[in-house]
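Each chain, written out:
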Amino acid sequence: MPEIKRLVGTEGNFGEQLGLTKDWVVRIVKHVGNYGEVFDRNVGTGSRLGISRGINRLWTKGGIQYAPPIR
């Protein structure tokens, strides 16, 4: 998928247009995780708070989280 290749820096120069490195997204996700991992670790079931994702689930799982393609 061209959108994913642009996002991870293997195609195009999206990161450079923002003043970042080509692999900026890959580096961030490696260091802190994706949204679901961050939520779980800090306030979700993996934390002391144990809050359910609820409405913060992906739209494909009944929530409202939707990420439009980066162009």
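Residues numbered from 1 in each chain as written. Predicted model: local features only at pLDDT ≥ 70, side-chain atom pairs only at ≥ 80, totals over all residues. Heavy atoms only, no water.

Trainee: Can you walk me through the overall build of the protein in this structure?
Mentor: Along the backbone of the protein there are four helices and zero strands. Along the protein, from the amino end to the carboxyl end, the secondary structure elements read α-α-α-α. Seen through its principal axes, the protein has C-alpha atoms that stretch 40 × 25 × 15 Å. Accessible surface computed for the protein: about 5,600 Å², of which carbon and sulfur atoms make up 60%. Side chains of the protein give 11 positive and 6 negative charges; the mean places of these two sets differ by 6 Å. (Helix = DSSP H or I, 4+ residues; strand = E, 2+ residues; numbered from the N terminus. Areas by Shrake-Rupley, 256 points an atom, 1.4 Å probe, with all protein chains shown as cover. Lys, Arg positive; Asp, Glu negative; His and termini not counted. Charge placed at Lys NZ, Arg CZ, Asp CG, Glu CD.)

Trainee: Whenever I open this one, the pattern of salt bridges confuses me. Can you help?
Mentor: For side chains of opposite charge, pairing can occur when their charged atoms come near one another. Enumeration over the complete set of coordinates arrives at one salt bridge. Here R27 makes a salt bridge to D23, at a shortest N to O gap of 3.2 Å. When its relative accessible area of 40% is taken as the criterion, R27 is described as partly exposed. The class for D23 is partly exposed, based on a relative accessible area of 33%. (Salt bridge = Lys/Arg side-chain N within 4 Å of Asp/Glu carboxyl O. Buried < 20%, exposed > 50% of the residue type's maximum accessible area, 1.4 Å probe, protein only.)

Trainee: In this structure, what is going on with the packing of aromatic side chains? I would like to understand it.
Mentor: Geometry of an aromatic ring pair is reported as the spacing of the ring centres plus the angle between the planes. Per the stated rule, a full pass over the model turns up three aromatic pairs. Their ring planes at 35° and their centres at 6.4 Å tell us that F14 and W24 sit as a pair that is tilted. Taken as a pair, F14 in helix α2 (residues 14-17) and W24 in helix α3 (residues 24-32) lie far apart in primary sequence, 10 residues in all. With relative accessibility at 16%, the residue F14 sits in the buried group. A ring pair is formed by Y35 and F39, whose centres lie 6.1 Å apart and whose planes are at 40°; its orientation type is tilted. One end of the pair, Y35, and the other, F39, are both in helix α4 (residues 35-42), four residues apart, so they sit about a helical turn from each other. The cationic tip of R53 hangs over the ring face of F39; the distance from NZ or CZ to the ring centre is 5.7 Å. (Phe/Tyr/Trp six-rings, centres within 6.5 Å; stacked < 30°, edge-to-face > 60°. Lys NZ or Arg CZ within 6 Å of the ring centre and 35° of its normal.)

Trainee: What exactly am I supposed to notice about the side chain of S47 here?
Mentor: Residue placement: S47 occurs in the segment after α4. Classification of S47 by relative accessible area gives buried; the value is 16%. Within the local environment of S47, its side chain forms a polar contact with the backbone oxygen of V43, the two atoms lying 3.3 Å apart. Not counting the four nearest positions on each side in its chain, S47 is found in contact with D40, R41 and N42. (Polar contact = N/O pair within 3.5 Å; in protein donor to acceptor, adjacent residues only side chain to side chain. Contact = heavy atoms within 4.5 Å.)

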